[in-house]
Amino acid sequence: MKVLKFGGTSVGSIENMCNVKNIINNGNKKIVVLSAMSGTTNLLVAIANDIANKEPNEAIDKINKLHETYTVTIDKLLTSKVLNEEVKGYVSSVFDFLIACTYKAFSIGLENNIVAQGELLSTYMFNSYLQQEGISSVLLPALSFMRIDEDKEPNIPYIKENFEVAINTAKNSDIYITQGFICLDDNDEVSNLQRGGSDYTATIIGAAIKAEEVQIWTDIDGMHNNDPRYVENTNPISNLSFDEAAELAYFGAKILHPQTVTPVRADNIPVRLKNTMNPDAHGTLISNITSENGIKAIAAKDNITAIKIKSARMLQAHGFLKKVFEIFETYRTSIDMITTSEVAVSLTIDDDRNLDKIIKELEKVATIEIDKNQSIICLVGHSVVNHQDTYKLFQILQDVKIRMISYGGSKNNISLLVDTKDKINSLQKLNDYLFELVTL
Ligand code: ADP
Ligand code: ASP
Ligand code: MG
């Protein structure tokens, strides 16, 4: 069986919902994972922020406007009077719940419940749309099987067992629809897989049922060789290895949630990236096949903080790095890049929620310098560190101040740390000289 995930844009308009219907209506049994309609999760986050900032009227205003846009969409989507009224009833109950949230005190639990409504709305509406079109489908509530543990990792044995139970309740159905992104945590509270998490839902389910393939349907024809939001003349890549895709997703290629590849690589389940608006385009196939050496794609990750930790006695002091790493571990903050010299170690983090506490601890053993607003530029390709083009990087970026370089950590990745203000220029130059064959 295949798992097909459709993102926010794919379920964000009547026309695209119709495209999704045509893509999935081919008689094969499949699991369909849906995101919230595009823009909804951002608005739900904004509503939760208003509640956190004690501005309930702002929140109510946003809730009422969002309710209105859903009413308009339902009127266009569901021409069947019975279904139209039934779905409007469900949608009203969701918006009543959101209004009730504005009277409550803010908590992370409240926020998680608010942001979960986007996927609950989209799946309910889309399932009813399929009924209207005479396509039989069943809604499987993600909260009955999707769960993370205390480390926020998917609880695979639980998911496997409970997904099987869910699917067995509707054995004869061909199309199973479920919510991406949302899950329960280890305390049975509503939680989520972080922004963009519907991709992760799809591969977690794919691994749990040993799917034949996972397809991620989005608004672009596959993974491009550079970030199309910032760079001109990017092109789709037809094939990527799991390793290459994992590096690109982790280092900022927004088309995939950072953890998308993790659940499926061990079982060698291919992941295909496809365009809902252009289903005939090849897209990108992520599999265990590695292709030619060389720089294949570039991604960038923002909001990076660089920390330089300087100790006069670093090399002599056994256990210094251990001490440093323990501090990051205590505050559950993962390190992305790291470089060392005789007297200092520089490293980067993308989660600075505990930065003040980390600095306080580090200052007990070293002098600290912090640089915020940094970006990691990551060049990815099979055996990229061995390729003859690699030497060109310094020529291409001769005008850019490179703060750190990570070379050889993996043979598929070279990472550079630059000030975020230099990011777009660096990405464009790398694109022009490495992929557009402009000569140096
Ligand atoms: P969805 O809502 O379908 O999950 P996303 O917005 O999360 O879609 O991801 C698709 C978007 O990712 C594209 O529209 C594109 O702007 C952006 N993107 C960033 N980097 C890349 C890349 N390297 N290749 C393709 N798309 C990328
Ligand atoms: N709706 C969620 C988000 O916007 C999850 C997703 O789209 O993948 O982050
Ligand atoms: Mg996404």
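Below is a short write-up of the structure. (Residues numbered from 1 in each chain as written. Chains lettered and ligands numbered in written order. Predicted model: local features only at pLDDT ≥ 70, side-chain atom pairs only at ≥ 80, totals over all residues. Heavy atoms only, no water.)

## Structural notes on the site of ligand 2
We apply this condition: Being near a molecule or strand, for a residue, means having at least one of its heavy atoms within 4 Å of it. N or O atoms closer than or at 3.5 Å make up a polar contact, with two conditions inside protein: a donor-capable atom paired with an acceptor-capable one, and, for residues adjacent in sequence, both atoms drawn from side chains. Shrake-Rupley sampling with a 1.4 Å probe provides the accessible areas, and residues are treated as covered by the protein chains on show and by no other component. Residues are grouped as follows: Ala, Val, Leu, Ile, Met, Phe, Trp, Tyr, Cys and Pro are nonpolar; Asp, Glu, Lys and Arg are charged; every other residue, Gly included, is polar.
Every residue close to ligand 2 is listed here: Ser35, Ala36, Thr41, Glu119, Phe181, Arg195, Gly196, Gly197 and Ser198. Residue Ser35 places a side-chain N or O atom 3.3 Å away from an oxygen atom belonging to ligand 2. A distance of 3.4 Å separates an oxygen atom of ligand 2 from a polar backbone atom of Gly197. Considered on its own, ligand 2 offers 260 Å² of accessible surface; in the complex 86% of this is hidden by protein. In terms of residue class, the shell around ligand 2 is built from two nonpolar, five polar and two charged.

## Remarks on the packing of helix 4 (residues 81–101) against helix 6 (residues 117–132)
Filter applied, for reference: Interaxial angle, 0 to 180 degrees, is taken between N-to-C directions of lines fitted to C-alpha atoms, where a helix line uses only the stretch in contact. By the criteria applied, helices consist of DSSP H or I runs no shorter than four residues and strands consist of E runs no shorter than two, each listed in order from the N terminus. Orientation is classified from the angle alone, with under 35 degrees giving roughly parallel, over 145 giving roughly antiparallel, 65 to 115 giving roughly perpendicular, and any other angle giving oblique. The contact definition used throughout considers only heavy atoms, calling two residues in contact when any of these lie within 4.5 Å.
Orientation of helix 4 relative to helix 6, taken along the N-to-C sense of each, is 175°, at an axis distance of 10 Å. The orientation of helix 4 relative to helix 6 falls into the category roughly antiparallel. Where helix 4 abuts helix 6, its residues Leu83, Glu86, Val87, Tyr90, Val91, Val94, Phe95, Phe97 and Leu98 lie against Gln117, Leu120, Leu121, Tyr124, Met125, Ser128, Gln131 and Gln132. Here the contact of helix 4 with helix 6 is composed, by residue class, of twelve nonpolar, four polar and one charged.

## Looking at the nonpolar core
Condition: Note on terminology: a nonpolar core comprises buried Ala, Val, Leu, Ile, Met, Phe, Trp, Tyr and Cys residues joined through side-chain atoms within 4.5 Å. Residue exposure (1.4 Å probe, protein chains only): buried if accessible area is under 20% of the type maximum, exposed if over 50%, otherwise partly exposed.
With 97 residues, the main nonpolar core has Phe6, Ile24, Phe126, Phe145 and Met223 as its most contacted residues. If sequence neighbours within four positions are ignored, Met223 has contacts with Asn235, Pro236, Ile237, Leu240, Leu248, Ala253, Ile255, Leu256, Leu273 and Thr284. Core analysis: the next-biggest nonpolar cluster, separate from the first, contains 19 residues, Leu393, Leu397, Leu416 and Val418 among them.

## Brief notes about the sheet that holds strand 4 (residues 175–179)
For clarity, the cut-off: Here the rule is simple: two strands pair whenever DSSP picks up at least two bridges between them.
One open sheet accounts for eight strands, arranged 3-4-2-1-7-9-10-8; its pairing is mixed. Where the open sheet ends on each side, the last strands, each with one partner, are strand 3 (137–140) and strand 8 (239–241). The average undirected angle you get between the axes of adjacent strands in this sheet is 20°. Here strand 1 (residues 2–6) runs beside strand 2 (residues 30–34); their pairing, made up of five bridges, is parallel. Across the sheet, residue Leu4 finds its bridge partner in strand 2, namely Val32. Lying over the sheet, helix 6 contacts strand 2, strand 3 and strand 4, oriented at roughly 160° with respect to strand 4. Running at roughly 90° to strand 8, helix 9 (residues 242–250) makes contact with strand 8 and strand 10 (284–287) of the sheet.

## Details of the site of ligand 1
Taken together, the neighbourhood of ligand 1 is formed by 16 residues, with Lys5, Thr218, Asp219, His224 and Lys254 sitting nearest. One nitrogen or oxygen atom from the main chain of Gly8 is found 3.1 Å from an oxygen atom belonging to ligand 1. At 2.8 Å, a backbone N or O of His224 approaches a nitrogen atom of ligand 1. For ligand 1, the accessible surface in isolation is 570 Å², of which the surrounding protein chains cover 86%. Among the residues forming the shell around ligand 1, the class breakdown is five nonpolar, six polar and five charged.

## Regarding the sheet that holds strand 12 (residues 335–340)
One open sheet accounts for six strands, arranged 12-13-11-14-16-15; its pairing is antiparallel. Looking at which strands have only one partner, the edges of the open sheet turn out to be strand 12 and strand 15 (402–410). Here the average twist between neighbouring strands, direction ignored, is 30°. Direction of pairing for strand 14 (residues 367–380) relative to strand 16 (residues 413–419): antiparallel, over a ladder of seven bridges. Its bridge partner lying in strand 16, Ile377 is registered against Leu416. Each of strand 11 (297–310), strand 13 (344–349) and strand 14 is contacted by helix 12 (residues 355–362), which is oriented at about 120° to strand 14, the strand it contacts most.

## Let's talk about the pattern of salt bridges
Rules: By convention in these notes, a salt bridge is any Lys or Arg side-chain nitrogen within 4 Å of a carboxyl oxygen on Asp or Glu.
One pass over the full model with this rule turns up 22 salt bridges. Put simply, Asp351 and Arg353 hold a salt bridge, and the shortest N to O gap is 2.8 Å. The buried category is assigned to Asp351, whose relative accessible area is 19%. Sharing partners across several salt bridges, the network here consists of Lys301, Asp336 and Asp350.

## What about the packing of aromatic side chains?
Using the following cut-off: Ring pairs shown here join Phe, Tyr and Trp side chains whose ring centres sit within 6.5 Å, with only the six-membered ring taken for Trp; geometry is labelled stacked below 30 degrees between planes, edge-to-face above 60, and tilted in between. A ring is scored as having a charge over it whenever the NZ atom of a lysine or the CZ atom of an arginine sits within 6 Å of its centre and within 35 degrees of its normal.
Using the criterion set out here, one finds six aromatic pairs in the structure. Considering the side-chain rings of Phe6 and Trp217, the 5.8 Å spacing of their centres and the 20° angle between planes classify their relative orientation as stacked. Remark: Trp217 occurs in strand 7 (residues 213–218) and Phe6 occurs in strand 1; sequence separation between them is 211 residues. Across this residue pair, the class does not change: Phe6 and Trp217 are buried. Seen in terms of ring centroids, Phe145 and Phe163 are 4.8 Å apart; in terms of plane orientation they differ by 80°. Their pairing is edge-to-face. Placement of the pair is Phe145 in the loop between strand 3 and helix 7 (156–168) and Phe163 in helix 7, with a sequence separation of 18 residues. What makes Phe145 buried here is its relative accessible area of 0%. On the basis of relative accessible area, Phe163 is assigned to the buried category, the value being 2%. For Lys423, the ring lying beneath its charged end belongs to Tyr230, and the centroid distance is 3.7 Å.

## A closer look at helix 1 (residues 14–24)
Count 3.6 residues to each turn of an α-helix, and residues three or four apart come out pointing the same way. Definition in use: As used here, the arc belongs to the directions running from the helix axis to the C-beta atoms.
For helix 1, the full list of buried residues reads Asn16, Met17, Val20, Lys21, Ile23 and Ile24. Looking straight down helix 1, one finds that the buried residues subtend no more than 165° of arc, so they occupy a single side.

## Some remarks on a nonpolar patch on the surface
In plain terms, the rule: In this scheme, patches are assembled from residues that exceed 30% relative accessible area and form no salt bridge. Like charges are connected within 9 Å, while nonpolar side chains (Val, Leu, Ile, Met, Phe, Trp, Tyr) are connected within 5 Å.
On the surface, a nonpolar cluster with roughly 300 Å² of combined accessible area is contributed by Phe394, Ile405 and Tyr407. Its location among the elements puts Phe394 in helix 13 (residues 392–396). On the basis of relative accessible area, Phe394 is assigned to the partly exposed category, the value being 47%.

## A word on the pairing of strand 15
With six bridges connecting them, strand 15 and strand 16 associate as antiparallel partners. From the neighbouring strand, Ile405 faces strand 16, where its bridge partner is Leu416. Between strand 15 and strand 16, which follow one another and run antiparallel, lie two residues.

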